[in-house]
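Take a look at the letters that make up each chain.
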Amino acid sequence: MEETTTTATNEAAKRPAFLTVLCILSFIAAGFAIIGYVTVLTLMGAASAVASGLEGMEGMSAESSAMMSDAMSKVPSAGLTWAYLIVGFITVIISLFGVIKMWKLQKLGYFLYVGASVVSMVMGMIYSGFGVMGVLFPILFIVLYGLNLKHLK
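Below, the structure is looked at part by part. (Residues numbered from 1 in each chain as written. Predicted model: local features only at pLDDT ≥ 70, side-chain atom pairs only at ≥ 80, totals over all residues. Heavy atoms only, no water.)

### A word on the overall build of the chain
Line of reasoning, step 1. Along its length, the chain carries 6 helices and 0 strands.
Line of reasoning, step 2. Sequence-ordered secondary structure for the chain, helices as α and strands as β, is α-α-α-α-α-α.
Line of reasoning, step 3. Look at the contacts in the chain between residues 6 or more apart in sequence, and 79% of them connect residues 24 or more apart.
Line of reasoning, step 4. With an accessible surface of roughly 9800 Å², the chain has 73% of that area assigned to carbon and sulfur atoms. (Helix = DSSP H or I, 4+ residues; strand = E, 2+ residues; numbered from the N terminus. Contact = heavy atoms within 4.5 Å. Areas by Shrake-Rupley, 256 points an atom, 1.4 Å probe, with all protein chains shown as cover.)

What follows is the structure, encoded as structure tokens:
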């Protein structure tokens, strides 16, 4: 019992405080992202079910039908939206796994995190165009984690 406590204490002592803070911030962000993606995926599923039910309504007036088709034309295609959500959810899981690896001082975690962040940035640009915040924070964290590469094995 005492040996595992000592090992855990030594492991935490070897991890730089800066890396610890970055990992904790990433854990928090990943937690919020996972909750957000699960919520949006659930709502998208419900909205798809409702939309498919509305398409079959024959009692809809021509005006309502035109208004609904006009609103639907402004929304990105459902396939692209589902692809964005699924890829986004997967990249969050992979980046979380990378952060866990970096928490354990494993260099593989950095590369997993960078790969997931790049894919996430590219998907964000494809789906909604260039957003400064969608690119700035991932690049900032990639650089900050990169500063800690010398501590990773």
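### Description of unusual backbone geometry
Line of reasoning, step 1. The backbone of Leu105 sits at a positive phi, close to 65 degrees, despite the residue not being glycine.
Line of reasoning, step 2. With respect to the helices, strands and loops of the structure, Leu105 is situated in the loop between helix H4 (78-103) and helix H5 (108-128).

### A word on the packing of H5 against helix H6 (residues 132-146)
Relative placement of two packed helices is described by the angle separating their axes and the distance separating the axes.
Line of reasoning, step 1. It is the contact of H5 with H6, at a shortest axis distance of 10 Å, that shows an interaxial angle of 170 degrees. Our classification of the angle between H5 and H6 gives roughly antiparallel. In terms of crossing hand, the pair formed by H5 and H6 is left-handed. For the pair formed by H5 and H6, the contact residues are Tyr110, Tyr113, Val114, Ser117, Met121 and Met125 on the first element and Gly134, Val135, Pro138, Ile139, Phe141, Ile142, Tyr145 and Gly146 on the second.
Line of reasoning, step 2. A breakdown of the residues in the contact of H5 with H6 according to their chemical character gives 11 nonpolar, 3 polar and no charged. (Axes fitted to C-alpha atoms, helices over the stretch in contact; angles between N-to-C directions. Parallel < 35°, antiparallel > 145°, perpendicular 65-115°, else oblique. Left-handed = near helix turned anticlockwise from the far one by under 90°. Nonpolar A, V, L, I, M, F, W, Y, C, P; charged D, E, K, R; others polar.)

### Points about the packing of aromatic side chains
Each aromatic ring pair is summarised here by two numbers: the centre-to-centre distance and the angle between the ring planes.
Line of reasoning, step 1. Summed over all chains, the structure comprises 6 aromatic pairs.
Line of reasoning, step 2. Measuring from ring centre to ring centre gives 5.0 Å for Tyr113 and Tyr145, while their planes differ by 70 degrees; the resulting arrangement is edge-to-face. Placement of Tyr113 in helix H5 and of Tyr145 in helix H6 is noted, with a sequence separation of 32 residues between them. Like Tyr145, Tyr113 is buried. (Phe/Tyr/Trp six-rings, centres within 6.5 Å; stacked < 30°, edge-to-face > 60°. Buried < 20%, exposed > 50% of the residue type's maximum accessible area, 1.4 Å probe, protein only.)

### Some details on a nonpolar patch on the surface
Line of reasoning, step 1. Taken together, the side chains of Met125, Phe130, Val132, Met133, Leu136, Phe137 and Leu140 make up a nonpolar region of the molecular surface, amounting to roughly 690 Å² of accessible area.
Line of reasoning, step 2. No other element matches the 5 residues that H6 contributes to the nonpolar patch.
Line of reasoning, step 3. As for its position among the elements, Phe130 is in the loop between H5 and H6.
Line of reasoning, step 4. Classification of Phe130 as exposed rests on a relative accessible area of 61%. (Patch = residues over 30% accessible without salt bridge, like charges linked within 9 Å, V, L, I, M, F, W, Y side chains within 5 Å. Salt bridge = Lys/Arg side-chain N within 4 Å of Asp/Glu carboxyl O.)

### A word on H5
In an α-helix there are 3.6 residues to a turn, and that puts residues three or four apart on one side.
Line of reasoning, step 1. Over its 21 residues, H5 runs 30 Å from end to end, which matches the ideal 30 Å to within 8%, given 1.5 Å per residue.
Line of reasoning, step 2. Of all the positions in H5, only Gly109, Tyr110, Tyr113, Val114, Ala116, Ser117, Met121, Met123 and Gly124 are classed as buried.
Line of reasoning, step 3. Once H5 ends, the next one or two residues include Gly129, with phi positive near 85 degrees. (Expected span 1.5 Å × (residues − 1).)

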